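Architecture at a glance
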Amino acid sequence: MNEPVQFEVGDGQVAVENCYNFSGLSHLAAKFKLEMFGEDAYSLASGTSDLPSVEPGSTTWVAFPNSVISFRRNKQVYLNFSVTLAYETSWATPDHEVAWF
């Protein structure tokens, strides 16, 4: 994958891997959406989540947002992360998606 940030799910946590060689993640923003699918699709929770400070080439584990924890025991749900630019650059607007999970 060529995404600058990669994710892995663990027990109540998400690993955030910084795939950059020289940059941190402070120029990026993360959004999450928790959904349940059946006959209809339901959005259970959504919001923003700060990306942790992760050195280039390193990985750190962070806890799921509280709004996600309350649903994960009772139902089969799907957690989506979207990582976008946090601010405008010369080549893209702040909503430009650079990674997803």
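Quick notes on the rules
Every chain is numbered on its own, with residues counted from 1 as its sequence reads. Where local features are concerned, this predicted model is filtered to residues with pLDDT of at least 70; where side-chain atom pairs are given and counted, the filter is 80 or more; whole-chain, interface and lining totals use all residues. Where side-chain values are given, they derive from all heavy atoms of the structure, hydrogens and water being excluded. Only Phe, Tyr and Trp rings are paired, with Trp represented by its six-membered ring, and only when their centres lie within 6.5 Å; those with planes under 30 degrees apart are stacked, over 60 edge-to-face, the remainder tilted. By the criteria applied, helices consist of DSSP H or I runs no shorter than four residues and strands consist of E runs no shorter than two, each listed in order from the N terminus. Buried means the residue's accessible area, taken with a 1.4 Å probe over protein chains only, is under 20% of the maximum for its type, while exposed means over 50%, and partly exposed covers the values in between. When a carboxyl oxygen of Asp or Glu is within 4 Å of a side-chain nitrogen of Lys or Arg, the pair counts as a salt bridge. Strand pairing is defined by DSSP finding a minimum of two bridges between the two strands. Axis definition: a line fit to C-alpha positions, over the contact stretch in the case of helices; interaxial angles, taken between N-to-C directions, run 0 to 180 degrees. The definition of a nonpolar core used throughout is a set of buried Ala, Val, Leu, Ile, Met, Phe, Trp, Tyr and Cys residues joined through side-chain atoms within 4.5 Å. Contact criterion: two residues are considered in contact whenever any of their non-hydrogen atoms come within 4.5 Å of each other.

1. Describing the packing of aromatic side chains
Here the structure, examined in full by the defined rule, presents 3 aromatic pairs. Taking 5.1 Å as the distance between ring centres and 10° as the angle between the ring planes, the aromatic pair formed by Phe7 and Phe81 counts as stacked. Of the two residues, Phe7 sits in strand β1 (residues 5–9) while Phe81 sits in strand β6 (residues 78–85), which places them 74 residues apart along the sequence. The two residues Phe7 and Phe81 agree in class, both being buried. These aromatic residues form a ring-pair network of at least three members: Phe7, Phe81 and Phe101.

2. Some details on the pattern of salt bridges
Summed over all chains, the structure comprises 1 salt bridge. Glu35 is the partner of Lys33 in a salt bridge, and the nearest nitrogen-oxygen pair spans 3.7 Å. The exposure class of Glu35 is buried, given its relative accessible area of 14%.

3. Considering the sheet that holds strand β7 (residues 97–100)
As summarised here, the arrangement of the 4 strands in space is β4-β3-β6-β7, forming an open sheet in which the pairing is antiparallel. A strand with exactly one partner marks an edge of an open sheet, and here the two such strands are β4 (41–49) and β7. When the angles between neighbouring strand axes are averaged without regard to direction, this sheet yields 20°. With 3 bridges connecting them, β6 and β7 associate as antiparallel partners. Residue pairing in the sheet places Thr84 in a bridge with Glu97 of β7.

4. Digging into the nonpolar core
Formed by 20 residues in total, the largest nonpolar core has its most connected members in Val5, Phe7, Val16, Leu25, Leu28, Leu51 and Val83. Within the residue set of this core, elements represented by two or more residues are β1, β2 (13–18), β3 (28–37), β6 and β7. Contacts of Val83, omitting those with residues within four sequence positions, involve Val5, Phe7, Leu28, Ala29, Ala30, Leu51, His96, Glu97, Val98 and Ala99.

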